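Each chain is listed here by its residues.
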Amino acid sequence: INDFIKEVKKLKLIGYHCFDFDVQSNGLLVDAIFKRQNQGNHIVWAEDYDEFQRIWQSKSKKEHRLHDLETHSFNGRTVWSGIFIRSSGRSDMHRNLSQKDFEQKVRELKAEGLQLVDFEVYFFNRKMRWAGVWRQGPNFETAFGLSGSDFYKRIQKERKRNFRLSEVECLRANGQQL
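All residue numbers here refer to positions counted from 1 along the written sequence of the relevant chain. Totals for whole chains, interfaces and linings use every residue, but because this is a predicted model, local features are given only for residues with pLDDT of at least 70 and side-chain atom pairs only at 80 or more, for both listing and counting. Only hydrogens and water are set aside when side-chain values are computed; all heavy atoms of the structure are taken into account.

As for the sheet that holds strand S3 (residues 42-46)
- Reading across the sheet, the 3 strands line up as S3-S5-S4 and stay open at both edges, with antiparallel pairing between neighbours. Lying at the two open borders of the sheet, with one neighbouring strand each, are S3 and strand S4 (64-74). Within the sheet, the average angular offset between the axes of one strand and its neighbour, ignoring direction, is 20 degrees.
- Strands pair, by our definition, only if DSSP identifies at least two bridges between them. What counts as a helix is a DSSP run of H or I of at least four residues, what counts as a strand is a run of E of at least two, and both are numbered from the N terminus. Bridge analysis of S3 against strand S5 (residues 77-86) gives 5 bridges, and the strand direction is antiparallel. Orientation is described by axes fitted as lines to C-alpha atoms, over the contacting stretch for helices, and by angles from 0 to 180 degrees between their N-to-C directions.

Given below as structure tokens:
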């Protein structure tokens, strides 16, 4: 993580800003996408969800919206992190939902004009849980629980409708892809 933070600072000096990232291997590996767009990006790390929620509420009051949400295990704890960008409009965040409850929340918030912009699948108390970030914005389509071949077919179908893939989550547990 410390190497990643150093790299973020170095790239920021030459005009690149972290747009999306993923933490793996007990917090030891980080993959990231950097763009030349400056949207007031702020990366935050929190030791627990309560701390992360306080940061989320504070940033929201200052016209920053959560854009990228990450969870990972570190020394047996669930650590929360994210990227906030300068933006206004309504937003929402939910966590610790079952897949069924998460899919219902997607439908419910879509009816209220909020679109799912990022989500995480993780384990909490040995149960698979879902967390998501919603913001006002253009219409998004969602799909859950697709096999590899069904996923590919869905991408082809949505491309014909001028939709582009913006988020994907894949989880492996006990040697099986979920």
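Right, picking up where we left off after that structure.
Let's talk about the side chain of Thr 78
- With respect to the element layout, Thr 78 can be found in strand S5.
- Working rule for contacts: check all heavy atoms of both residues, and any pair within 4.5 Å makes them a contact. Not counting residues within four places of it along the chain, the set of residues in contact with Thr 78 comprises Glu 47, Asp 48, Thr 71, His 72, Phe 123 and Phe 124.

Describing the nonpolar core
- What is meant by a nonpolar core is a set of buried Ala, Val, Leu, Ile, Met, Phe, Trp, Tyr and Cys residues, joined one to another through side-chain atoms within 4.5 Å. Whether a residue is buried, partly exposed or exposed follows from its accessible area with a 1.4 Å probe, protein chains only, as a fraction of its type maximum: under 20%, in between, or over 50%, in that order. Within the largest apolar cluster, 13 residues are counted, with the highest numbers of intra-cluster contacts made by Phe 52, Leu 66, Leu 69, Trp 80, Phe 84 and Met 93.
- Elements represented by at least two residues in this core include exactly S3, helix H2 (49-61), S4, S5 and strand S8 (127-136).
- Examining the composition of this core, we find that 3 residues originate from one element, H2, more than from any other.
- Residues in contact with Met 93, not counting those within four places in the same chain, are Tyr 49, Phe 52, Trp 56, Leu 66, Leu 69, Gly 132 and Trp 134.

With respect to the pattern of salt bridges
- One side-chain nitrogen of Lys or Arg within 4 Å of one carboxyl oxygen of Asp or Glu is enough to make a salt bridge. Applying the stated rule across the entire model yields 3 salt bridges.
- Ionic pairing is found between Lys 10 and Glu 7, a salt bridge with its closest N-O pair at 3.8 Å. Of this pair, Lys 10 and Glu 7 both sit in helix H1 (residues 2-13), separated by 3 residues, roughly a single helical turn.
- Residue classification places Glu 7 among the partly exposed positions, given a relative accessible area of 33%.
- A salt bridge links Glu 112 to Arg 90, with the shortest nitrogen-to-oxygen separation between them at 2.8 Å. With a gap of 22 residues between them, Glu 112 in the loop between helix H3 (99-111) and strand S7 (114-124) and Arg 90 in the loop between S5 and strand S6 (91-97) connect regions that are remote in the sequence.
- On the basis of relative accessibility, which here comes to 42%, the residue Glu 112 falls in the partly exposed class.

Section: unusual backbone geometry
- Located in the positive-phi region is Glu 63, a residue other than glycine, with phi close to 60 degrees.
- Residue class for Glu 63 comes out partly exposed when judged on its relative accessible area of 39%.
- Although it is not a glycine, Arg 126 adopts a positive phi angle of roughly 65 degrees.
- Tracing the sequence through the fold places Arg 126 in the loop between S7 and S8.
- Judged by its relative accessible area of 81%, Arg 126 is exposed.

Looking at the sheet that holds S8
- The antiparallel open sheet is built from 3 strands, whose spatial order is S6-S8-S7. The open sheet has two edge strands with one neighbour each: S6 and S7. In this sheet, adjacent strand axes meet at a mean angle of 10 degrees when their direction is disregarded.
- Across 10 bridges, S7 lies against S8 in antiparallel orientation. From the neighbouring strand, Phe 124 faces S8, where its bridge partner is Lys 127.
- Lying on the sheet, H3 is in contact with S6, S7 and S8; it crosses S8 at an angle near 10 degrees.

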